[in-house]
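Letter by letter, the chains look like this.
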Amino acid sequence: MTHDHLDAPVRTASRPFGRVLTAMVTPFTADGALDLDGAARLADHLVAEQGNDALVVNGTTGESPTTTDAEKERLIRVVVEAVGDRARVVAGVGTNDTRHTIELATSAEKAGAHGLLVVTPYYNKPPQAGLLRHFTEVADATGLPVMLYDIPHRSGVAIETETLVQLAEHGRIVAVKDAKGDLTATSWVTSRAELAYYSGEDALTLPALAVGCVGVVGTSTHFTGAETKQMIEAYDTGDTATALTLHRRLLPLYTGIFRTQGVILVKAGLAAQGLPGGPVRPPLVDATDGEIAQLRADCAAAGLPLPE
């Protein structure tokens, strides 16, 4: 028995959005209003100080369920103006309504976004044929490159391997944010399709590189971005010992940032650093004193202590 796909040259996917992307929180003022000045300052910090190649705005970590369409468009414009000459700006536009998703996609394109992040429709759990149609229609709607977001523990349905392989044939579907947590499934897709795979789980970034991923869309990268980029670059050059050392050092924060919803702890950490973030919007709640103390411990264990 032969396995032609195993005899073929290993695919080396391009990096359409660089190595390190952060799913940026959306800063709010003390009264819960959109803080556009803060968004510009935070975006600059993430690019200039944390080494991000791209920023994802209006994702779940950006509290997209509780921001309006108008706020989403304003946020894209401000972040593009602040860092668009130094980093890619990817707009989260996914909803569980294809028409609404297309509206957000066309709005993001007009606002200057460089790419789109489109999550699997959630709650209504469409079949694979529905996912194929949804993602294709969204990709057809603009001229922007699309990153699919496969996160079945939130959406309720996974994008199956065959569906991903079919979607990869679309000229504008170029990448996947992979939060499936199934490296076997990831391996099958990266061996068969020209898709740039980005780990959607911070702690799986290094293992994911070994099966064909090219980077990460992270949450802890609000704080670990520079070191995470060093880890990926070390792996790329064959220095796996350095990559593993960095992975192990950063692991307490890679995992600790998700002890509760990531945005809650990111905003607590940003506040400790004197950076914009502000409160979260209901139904989320701000971090407790105990959660902040644990975050400080996790940051210290990762070698990135928060200011006292």
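Analysis parameters
- Per-chain numbering applies: the sequence of each chain, read as written, is numbered from 1 onward.
- Since the coordinates come from a predicted model, pLDDT governs what is reported: local features require at least 70, and pairs of side-chain atoms require 80 or more to be given and counted, while whole-chain, interface and lining totals use all residues.
- With hydrogens and water set aside, each side-chain value is computed from the structure's full complement of heavy atoms.
- UniProt positions are given in the numbering used here, feature names are shortened, and annotations may be inferred rather than shown by experiment.
- Remark: exposure states derive from per-residue accessible area (1.4 Å probe, protein chains only) relative to the maximum for the residue type, with buried under 20%, exposed over 50%, and partly exposed in between.
- Throughout, a residue-residue contact means that at least one pair of heavy atoms, one from each residue, lies within 4.5 Å.
- Numbering of helices and strands runs from the N terminus, with a helix taken as a DSSP run of H or I at least four residues long and a strand as a DSSP run of E at least two residues long.
- What a helix should span is 1.5 Å times the count of its residues minus one.
- Throughout, the arc means the angular range of directions from the helix axis out to the C-beta atoms.
- N or O atoms closer than or at 3.5 Å make up a polar contact, with two conditions inside protein: a donor-capable atom paired with an acceptor-capable one, and, for residues adjacent in sequence, both atoms drawn from side chains.
- What makes two strands pair is DSSP finding at least two bridges between them.
- Any Lys or Arg side-chain nitrogen found within 4 Å of a carboxyl oxygen on Asp or Glu counts as a salt bridge.

- Naming follows an unreviewed UniProt entry, where the chain appears as 4-hydroxy-tetrahydrodipicolinate synthase of Micromonospora sediminimaris.
- In the Catalytic activity (unreviewed entry) part of its UniProt record, the chain is described as follows: "L-aspartate 4-semialdehyde + pyruvate = (2S,4S)-4-hydroxy-2,3,4,5-tetrahydrodipicolinate + H2O + H(+)".
- Taken directly from UniProt, the Sequence similarities (unreviewed entry) text for the chain runs: "Belongs to the DapA family."

1. Re the UniProt feature "active site" (unreviewed entry) in the chain
- Per the UniProt entry, the sites bearing "active site" (unreviewed entry) are Tyr149 and Lys177 in this numbering. Across 29 residues in sequence, these annotated residues keep their C-alpha atoms within 4.7 Å of one another, forming a single compact spot.
- The exposure class of Tyr149 is buried, given its relative accessible area of 9%.
- Here Lys177 is in contact with Leu117, Met147, Leu148, Tyr149, Asp150, Tyr198, Gly200 and Val217, once residues within four sequence places are set aside.

2. A short note on the side chain of Thr186
- Examined against the element boundaries, Thr186 turns out to sit in helix α8 (residues 183–192).
- Setting aside its immediate chain neighbours within four residues, Thr186 contacts Asp178, Tyr197, Val211 and Cys213.

3. Quick word on the UniProt feature "binding site: pyruvate" (unreviewed entry) in the chain
- Mapped onto this numbering, the UniProt entry annotates "binding site: pyruvate" (unreviewed entry) at Thr61 and Val217. Of the residues just listed, which span 157 residues, no C-alpha pair is farther apart than 11.0 Å, and they cluster in one region.
- Owing to a relative accessible area of 14%, Thr61 belongs among the buried residues under this scheme.
- In this structure, Thr61 is in contact with Ala23, Met24, Val25, Thr26, Thr219, His222 and Val263, ignoring residues within four places of it in sequence.
- Residue position: Val217 is located in strand β8 (residues 215–218).
- Filtering out sequence-adjacent residues up to four positions away, Val217 remains in contact with Leu21, Ala23, Val56, Met147, Lys177, Tyr198, Ser199, Gly200 and Asp202.

4. So, the environment of Leu265
- Here Leu265 is to be found in helix α12 (residues 262–272).
- Remark: the alpha-carbon pair of Leu265 and Asp286, spanning 21 residues in sequence, is separated by 8.1 Å.
- Other than its neighbours up to four places away in sequence, Leu265 contacts Gly256, Ile257, Arg259, Thr260, Ala287, Glu291 and Leu295.

5. Focus: helix α4 (residues 98–110)
- Counted at 1.5 Å a residue, the expected span for α4 with its 13 residues is 18 Å, and the 18 Å between its end C-alpha atoms agrees.
- All buried positions along α4 are accounted for by Thr101, Leu104, Ala105 and Ala108. The buried side chains of α4 occupy one side of the element, clustering within an arc of 105° when seen end-on. The exposed set on the far side of α4, more than 90 degrees from its buried face, consists of Arg99 and Lys110.
- In this fold, the buried residues of α4 make contact with α3 (69–83), β3 (88–92), β4 (115–119) and α5 (128–141).
- Two or three places before Arg99, at the opening of α4, Asp97 has a side-chain oxygen 3.0 Å from that residue's backbone nitrogen.
- Immediately downstream of α4, the backbone of Gly112 shows phi near 105°, a positive value.

6. Observations concerning the pairing of strand β5 (residues 146–150)
- Across the 5 residues of β5, 5 count as buried, placing the element largely inside the fold.
- Side chains Val146, Leu148 and Asp150 project from β5 onto one buried face, and the interleaved Met147 and Tyr149 project onto a second face that is buried too.
- Strand direction decides the pairing type here: β4 and β5, joined by 4 bridges, are parallel. Residue pairing for β5: Leu117 is matched across the bridge by Met147.

7. Details of the pattern of salt bridges
- Tallied over the entire structure, the rule returns 13 salt bridges.
- Here Arg281 makes a salt bridge to Glu71, at a shortest N to O gap of 2.9 Å. A residue pair is termed long-range when its members are at least 10 positions apart, and Arg281 in the loop between α12 and α13 (289–301) and Glu71 in helix α3 qualify at 210 residues.
- Its relative accessible area of 13% is what places Arg281 among the buried residues.
- Given a relative accessible area of 11%, Glu71 falls into the buried group.
- Between Asp150 and Lys180 there is a salt bridge, and its shortest N-O distance comes to 2.9 Å. Taken together, the positions of Asp150 in strand β5 and Lys180 in the loop between β6 (173–178) and α8 put the pair 30 residues apart, joining distant regions of the chain.
- Judged by relative accessible area, which is 21%, Lys180 ranks as partly exposed.

8. What to know about the environment of Ile159
- By the secondary structure assignment, Ile159 is in the loop between α6 (152–155) and α7 (161–167).
- According to the relative accessible area criterion, Ile159 is buried, its value standing at 0%.
- Along the primary structure Ile159 and Leu131 are separated by 28 residues, whereas in three dimensions their C-alpha atoms are 7.4 Å apart.
- If sequence neighbours within four positions are ignored, Ile159 has contacts with Thr120, Gln128, Leu131, Phe135, Leu148, Tyr149, Asp150, Leu164, Leu167 and Lys180.

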